[in-house]
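Overview (structure and organization)
So the chains spell out like this:
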Amino acid sequence: MQPIPAFYDRFTPELLEFLKRCLERAMARVVFEALPARETESLEACDIREIVAIDSTLIPLHPDLAESFPNARSTTCPAAAKLNVQLGLLHRAPRAFSISSGKTAESPLLPTEAWMEGHLLLFDLGYFKIERFREIDDSGGFFISRLKTNSNPLLLRSLREGPGNRIDLRHWRLREVEPYLRRQVLDAEGFFAPSNITDKKVREIEEDPAFRPLRFVGVKNEKTGEYHLYVTHLPADKVSPEEIADLYRARWAVEIFFKELKSHFGLSSIGSGKKHIVEIVICVALLTVIVSGQVRRELEKEPRSDVKEMGPLIYAEHFHHISTGLLQAVLYHEGFLFDPASLWIGAIRADPLPEHYRRGRLEDVYRQREPN
């Protein structure tokens, strides 16, 4: 009988390539539940097929990988991997991912591609890039981003009609308007103009047939009293400022996704000092969270299922506890029959017990004593 190789030795570059193919297939096929109808009605009016939240998270690694995966915080954690994920929110499934060093800037991790057509992209300030806004528009996509604090676009006109909208926003800077707002919502057209731009130059830009102004939205936070400012080019006649704020809040789903990966699927840190093993662990975690979502979707079809009442993190915790039994059931269903006892014996033969486990038990010593 051939000895079973140690578990660690099975993590090979060939396994990594296999898992990448599995992950590509899973991301292409798996679909999840949709968002509430309030969001989807406005999206259908804009011919938007999917919302994609884009974000990254850092995964601490073994110090031996500091050269391959240098971290920006080198003093506290010399090695870290940056996992960048494009998470589809209408179907709650990752559609793409990349693994880079923790020192990699986020902005280059969002290339402008043809797939953006018919998609609404949500991203934070790490991906903020004025040139990218035009590129997404050219690709047939849409975006919503928070506005950087040092951004001060030039406004051209208000997009809100009716009483109470008496401020003439033309040629005002957004930061100049903000203190004078007497209502909760700002909705205006404008563009990112240099501070020294002249009125003549502004008129020339506006008269250019190729000019496409951006939309700047401000929605007041009821708790803090501060404005949350967004830049987008979703049409004002189809998506209200309040809906823009709601849509951007949906980006929080990607934060929950990362918390699931770290809290329940083994990505809080990776202790291996080998690069390909790091990527294997990440691929396995992504596959696991995709499978857990698929299981949840099936369970939600049951008329008396309690899964619908579970938040994503509570559900992930439950799935983590049953995952071993679930894997065994899948293997049995697929015809991979095995005897758990013989599997355990084979593992023991491949990895002999340490010496201190061979000292015997106290009860065995008493059994060997002669009776009086």
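Since this is a predicted model, take the numbers as computed values, not measurements.

Examining the pattern of salt bridges
Counted by the stated rule, this structure contains 11 salt bridges. The residue D137 makes a salt bridge to R212 at a minimum N-O spacing of 3.1 Å. One end of the pair, D137, is in helix α3 (residues 130–138); the other, R212, is in the loop between α5 (199–207) and β8 (214–220), and 75 residues separate them in sequence. Using a relative accessible area of 34% as the deciding quantity, one classes R212 as partly exposed. Where R212 meets D138, a salt bridge forms, and the shortest distance between an N and an O atom there is 2.8 Å. Of this pair, R212 sits in the loop between α5 and β8 while D138 sits in helix α3, and the two are 74 residues apart along the sequence.

Re the sheet that holds strand β1 (residues 50–60)
Overall, mixed pairing links the nine strands, which are arranged β3-β2-β1-β4-β5-β9-β8-β7-β6 in an open sheet. Across the chains shown, the open sheet's two edge strands, defined by having one partner strand only, are β3 (93–101) and β6 (154–158). Averaged over all neighbouring strand pairs, the angle between strand axes comes to 25 degrees, with direction disregarded. Pairing of strand β5 (residues 142–146) with strand β9 (residues 227–232), which is carried by three bridges, proceeds in the antiparallel orientation. Bridge pairing in β9 places R146 opposite Y230. Together, β1, β2 (80–88) and β3 form the strand contacts of helix α8 (residues 275–299), whose direction differs from that of β3 by roughly 165 degrees.

Some points on the packing of helix α1 (residues 13–29) against α8
In the contact formed by α1 and α8, the axes pass within 9 Å of each other and the chain directions differ by 30 degrees. Comparing the axis directions of α1 and α8 gives the class roughly parallel. Remark: the crossing between α1 and α8 carries left-handed chirality. Of the residues in α8, those in contact with P13, L15, L16, L19, K20, C22, L23, A26 and M27 of α1 are H276, E279, I280, C283, V284, L286, L287 and I290. Here the residues of the contact of α1 with α8 are counted per class, giving 14 nonpolar, one polar and two charged.

Comments concerning the side chain of D187
Mapped onto the secondary structure, D187 falls in strand β7 (residues 185–191). In this structure the side chain of D187 is engaged in a polar contact, spanning 2.8 Å, whose partner is the side chain of R215. Residues contacting D187, with those up to four places away along its chain left out, are S158, L159, R160, R215, F216, V217, A236 and P241.

Focus on unusual backbone geometry
A positive phi angle is found at D47, which is not glycine, with a value near 60 degrees. What makes D47 exposed here is its relative accessible area of 60%. Even without a glycine there, the phi angle at H171 is positive, about 65 degrees. Within the secondary structure, H171 sits in the loop between β6 and α4 (174–177).

Thresholds applied
Residues numbered from 1 in each chain as written. Predicted model: local features only at pLDDT ≥ 70, side-chain atom pairs only at ≥ 80, totals over all residues. Heavy atoms only, no water. Salt bridge = Lys/Arg side-chain N within 4 Å of Asp/Glu carboxyl O. Helix = DSSP H or I, 4+ residues; strand = E, 2+ residues; numbered from the N terminus. Buried < 20%, exposed > 50% of the residue type's maximum accessible area, 1.4 Å probe, protein only. Pairing = 2+ DSSP bridges. Axes fitted to C-alpha atoms, helices over the stretch in contact; angles between N-to-C directions. Contact = heavy atoms within 4.5 Å. Parallel < 35°, antiparallel > 145°, perpendicular 65-115°, else oblique. Left-handed = near helix turned anticlockwise from the far one by under 90°. Nonpolar A, V, L, I, M, F, W, Y, C, P; charged D, E, K, R; others polar. Polar contact = N/O pair within 3.5 Å; in protein donor to acceptor, adjacent residues only side chain to side chain.

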